[in-house]
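# Observations on chain architecture
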Amino acid sequence: QGARVGYITAIGQDAPGDSLMALWAREGVDTATVIRTERALTGVYFVTHDDRGHHFLHYRKDSPAALYAPADLPRDAISAARIFYASGISQGISATAADAVFAAIELTRGAGGKVAYDTNYRPRLWPPARASAVMHAAIAQADYVFPGMEDVVVLTGLTDPDAILDFYLRLGPRV
């Protein structure tokens, strides 16, 4: 659609990491800010579907992405971005990754960029109370928010669409 996109993460020097780099190259994603490391294996995430719905399985503990910290951020790239997009998954994989997302949000806003945030709550990553506190703090600093309906029910207890919109708009995002 004509947008330039870059990816910020850390992955292993392994076959899954190589596959991701090849995929992103085919898709035209700038990977200049992707950290490759031999100190840990690339985290993997599987989504399957059946008659009971979506199922998520991940192996991310001690992955390079879970070890990501604010000091790893590509500050110049983030400051130059028009929009920084983050997900609750990025914050749920570790405390240091959560801190890195908050630092990136601060850098983006300080440089005049916009922040988009998608809840993507995954219960295997963290308990609802912690997820709610962290995600809602991030959402309070976002311009655009994408709370999934299943996520909202767990994070807020709300089910009425108008109440949900009111709740999230009161946190501060424009959209």
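Above this text is the structure in question.
Residues numbered from 1 in each chain as written. Predicted model: local features only at pLDDT ≥ 70, side-chain atom pairs only at ≥ 80, totals over all residues. Heavy atoms only, no water.

### Some words on helix H1 (residues 15-26)
The terminal C-alpha atoms of H1 lie 17 Å apart, and with twelve residues this matches the ideal 16 Å at 1.5 Å per residue to within 8%. Taking the backbone nitrogen of Gly17 as reference, a side-chain oxygen 2.8 Å away marks Asp14 as the first, capping residue of H1. Directly beyond the C-terminal end of H1, a positive phi value near 75 degrees is found at Gly28. (Helix = DSSP H or I, 4+ residues; strand = E, 2+ residues; numbered from the N terminus. Expected span 1.5 Å × (residues − 1). Polar contact = N/O pair within 3.5 Å; in protein donor to acceptor, adjacent residues only side chain to side chain.)

### Structural notes on the pattern of salt bridges
Tallied over the entire structure, the rule returns four salt bridges. Across the pair Arg52 and Asp50 runs a salt bridge whose closest N-O atoms are separated by 3.2 Å. Notably, a salt bridge pairs Asp62 with Lys61, separated by 4.0 Å at the nearest N-O pair. Given the relative accessible area of 48%, Asp62 is considered partly exposed. For Lys61, a relative accessible area of 76% corresponds to the exposed category. (Salt bridge = Lys/Arg side-chain N within 4 Å of Asp/Glu carboxyl O. Buried < 20%, exposed > 50% of the residue type's maximum accessible area, 1.4 Å probe, protein only.)

### Structural notes on unusual backbone geometry
Excluding glycine, residues mostly carry a negative phi; peptide bonds, for their part, are mostly trans. Of note, Asp62 is a non-glycine position whose phi angle comes to about 60 degrees, a positive value. Within the secondary structure layout, Asp62 lies in the loop between strand E4 (53-59) and helix H2 (75-80). Its identity is not glycine, yet Asn120 carries a phi of approximately 45 degrees, on the positive side. Looking at where Asn120 falls in the secondary structure, it is placed in the loop between strand E6 (114-118) and helix H5 (128-139).

### Notes on the side chain of Asp14
Positionally, Asp14 belongs in the loop between strand E1 (9-12) and H1. Despite its burial, Asp14 pairs with no opposite charge, the nearest such side chain being Arg36 at 4.9 Å. Look past the residues within four positions of Asp14 in its chain and what remains in contact with it is Arg36, Leu41 and Thr42. (Lys, Arg positive; Asp, Glu negative; His and termini not counted. Contact = heavy atoms within 4.5 Å.)

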